[in-house]
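Each chain is listed here by its residues.
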Amino acid sequence: MLVVEGLKKTFFRGTPNERKALQGIDLWLKEGEFCTVIGSNGSGKSTLMNCIAGNFFPDKGTIKLNKINVTKMPEHIRARYIGRVFQDPMKGTAAEMQVAENLAMASRRGQRLSLRRSESPELREKFTTMLKELNLGLEDRLTTKIGTLSGGQRQAITLLMATLVKPQILLLDEHTAALDPKTAEKVLDLTEKLVSDNHLTTLMITHNMRDALRYGNRLIMMHEGRIVVDVQGEKKKKLTIQSLLEKFEKASGSEFSDPEALLNAG
């Protein structure tokens, strides 16, 4: 479970470029909840995710994962609780290491480092089975260097790595934005399956409004560092792009004649 209370973050404080990125964010995610996040450029989506991940600390407020206060916890320590997939397929994996070696490292997240062998026949068999389920022809490429794979293949493996040891929260930072539409849909379908099968608490930023409506059981929309729309359950299922835009305009006092303006990464 994720609990964010009173989160504030200002960049370039006291300068002409001062920007209030987060202005008192309150957000509670129940265990197993899959929440998509959308908003216009500069709305605070990425800042919120980076605060949760520990890339930087908020100025005020608290962040708790399953009652553990991680607000000021260093990123490398906090990482034991978090699975994350980035927009860039080149991030999140070691390009010069084999597929099996990357998966083996991920399987030991949260454990103490040691000199014992991290791979075993049992693990390799497990990895082969997992990769076969992706239907991307990767089950016979355990010894292939990750850096030689396509973006979609690499992103699919990164998803497996992020969920191999069940994280307390899975953070998806526009993880299909760099992929072609067909590949992006495959990765999103895989995402939905992994989240559902493992009952993962998930926060997914997307620039695609249709994906935000299609995936997950909750949707929040941000604007100028605040959450202005929060819809879940049956109400989310009934949402359309038009009705979502209307909710945004009512909550924010802003009008968007061009819906695409709402979909820029921010």
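The structure we're discussing is the one just above.
Residues numbered from 1 in each chain as written. Predicted model: local features only at pLDDT ≥ 70, side-chain atom pairs only at ≥ 80, totals over all residues. Heavy atoms only, no water.

Visitor: Help me out: how do you make sense of the packing of helix α3 (residues 99–107) against helix α5 (residues 151–163) in this one?
Guide: A packed helix pair is summarised by two numbers, namely the angle formed by the two axes and the spacing between the axes. Their axes nearest at 8 Å, the elements α3 and α5 cross at an angle of 25°. Taken together, the axes of α3 and α5 lie roughly parallel to each other. When you trace α3 past α5, the crossing you get is right-handed. Each of Val-99, Asn-102, Leu-103 and Ala-106 in α3 lies in contact with α5, whose residues at this interface are Ile-157, Leu-160 and Met-161. (Axes fitted to C-alpha atoms, helices over the stretch in contact; angles between N-to-C directions. Helix = DSSP H or I, 4+ residues; strand = E, 2+ residues; numbered from the N terminus. Parallel < 35°, antiparallel > 145°, perpendicular 65-115°, else oblique. Left-handed = near helix turned anticlockwise from the far one by under 90°. Contact = heavy atoms within 4.5 Å.)

Visitor: Hey, could you run me through the side chain of Arg-78 in this one?
Guide: You can see Arg-78 is positioned in helix α2 (residues 75–78). For the buried residue Arg-78, which engages in no salt bridge, the nearest side chain bearing the opposite charge is Glu-75, 8.1 Å off. Of note is the side chain of Arg-78, whose polar atom sits 2.8 Å from the backbone oxygen of Cys-51. For Arg-78, the contacting residues outside a window of four places in its chain are Cys-51, Ile-52, Ala-53, Gly-54, Phe-57, Ile-63, Val-70, Thr-71, Lys-72 and Met-73. (Buried < 20%, exposed > 50% of the residue type's maximum accessible area, 1.4 Å probe, protein only. Lys, Arg positive; Asp, Glu negative; His and termini not counted. Salt bridge = Lys/Arg side-chain N within 4 Å of Asp/Glu carboxyl O. Polar contact = N/O pair within 3.5 Å; in protein donor to acceptor, adjacent residues only side chain to side chain.)

Visitor: Sorry if this is basic, but what is going on with the layout of surface pockets here?
Guide: Gaps between atoms show up when a probe of the same size as a water molecule is rolled over them. In this structure, the second largest pocket occupies an estimated 410 Å³ of space. Of all the elements in the fold, those that place two or more residues in the lining of the second largest pocket are α4 (121–134), α5 and α6 (181–198). It is α6 that provides the largest number of residues to the lining of the second largest pocket, a total of nine residues. (1 Å grid on protein atoms, 1.4 Å probe; cavity = no way out; pocket = protein on both sides within 12 Å on 5 of 7 lines; lining within 4 Å. Points joined across faces, edges and corners; volume = space filled by probe spheres on them.)

Visitor: How should I be thinking about the pattern of salt bridges in this particular structure?
Guide: Should their charged atoms come close, side chains of opposite charge can pair. Per the stated rule, a full pass over the model turns up ten salt bridges. Its salt-bridge partner being Glu-33, residue Arg-218 comes within 3.2 Å of it at the nearest N-O pair. On the criterion of sequence distance, the pair formed by Arg-218 in strand β9 (residues 218–223) and Glu-33 in the loop between β2 (19–29) and β3 (34–39) is long-range, its members being 185 residues apart. For the residue pair Arg-218 and Glu-33, the accessibility class agrees, reading buried in each case.

Visitor: Please explain the packing of aromatic side chains as it appears in this structure.
Guide: Counted by the stated rule, this structure contains two aromatic pairs. Consider the rings of Phe-11 and Phe-12, whose centres lie 6.5 Å apart with planes at 50°: the pair is tilted. Exposure remark for Phe-11: the relative accessible area of 18% places this residue in the buried category. Residue class for Phe-12 comes out exposed when judged on its relative accessible area of 55%. Plain terms: the ring middles of Phe-11 and Phe-56 are 5.5 Å apart, the flat faces sit at 85° to each other, and that makes the pair edge-to-face. Highlighted residues: Phe-11 in strand β1 (residues 2–11) and Phe-56 in the loop between α1 (45–53) and β4 (60–65), separated in sequence by 45 residues. Taking the relative accessible area as the measure of exposure, Phe-56 reaches 24% and is therefore partly exposed. The rings of Phe-11, Phe-12 and Phe-56 are connected pair by pair, giving a single aromatic cluster. (Phe/Tyr/Trp six-rings, centres within 6.5 Å; stacked < 30°, edge-to-face > 60°.)

Visitor: Quick question: what am I supposed to make of unusual backbone geometry here?
Guide: The phi angle of most residues is negative, glycine excepted, and most peptide bonds adopt the trans form. One non-glycine residue, Asn-66, lies in the positive phi region at around 50°. Assignment of secondary structure puts Asn-66 in the loop between β4 and β5 (68–69). The exposure class of Asn-66 is partly exposed, given its relative accessible area of 38%.

Visitor: Would you explain the nonpolar core in this entry?
Guide: The nonpolar side chains of soluble globular proteins are, as a tendency, buried together. In this structure, Val-99, Leu-103, Phe-127, Leu-131 and Ile-157 are the most contacted members of the largest nonpolar core, which totals 35 residues. If you list the elements that add at least two residues to this core, you get α3, α4, α5, β7 (169–173) and α6. Discounting chain neighbours no more than four positions away, the residues touching Leu-131 are Val-99, Leu-103, Leu-138, Glu-139, Leu-142, Ile-157 and Leu-160. Residues Leu-22, Leu-27, Ile-82 and Ile-169 belong to the second largest nonpolar core, which totals 26 residues. (Core = buried A, V, L, I, M, F, W, Y, C linked by side-chain atoms within 4.5 Å.)

Visitor: Please clarify how the pairing of β7 should be interpreted in this entry.
Guide: Successive side chains on a regular strand alternate, one facing one side of the sheet and the next facing the other. A large share of β7 lies buried, amounting to five of its five residues. With four bridges joining them, strand β6 (residues 82–85) and β7 adopt parallel strand pairing. In the sheet register, Arg-84 faces β7, and the bridge partner there is Leu-171. In this structure, β7 lies alongside strand β8 (residues 202–205), joined through four bridges in parallel fashion. By the bridge assignment for β8, Asp-173 is matched with Ile-205. Taken together, β7, α6 and β8 form a β-α-β motif whose crossover is right-handed. (Pairing = 2+ DSSP bridges. Right-handed = clockwise from strand over helix to strand, strands pointing away.)

Visitor: For this particular structure, what's the right way to read a positive patch on the surface?
Guide: A surface patch of like charges, here positive, comprises Lys-8, Lys-20, Lys-60 and Arg-226. On the secondary structure map, Arg-226 appears in strand β10 (residues 226–232). Look at Arg-226 and you get partly exposed, because its relative accessible area is 41%. (Patch = residues over 30% accessible without salt bridge, like charges linked within 9 Å, V, L, I, M, F, W, Y side chains within 5 Å. Areas by Shrake-Rupley, 256 points an atom, 1.4 Å probe, with all protein chains shown as cover. Charge placed at Lys NZ, Arg CZ, Asp CG, Glu CD.)

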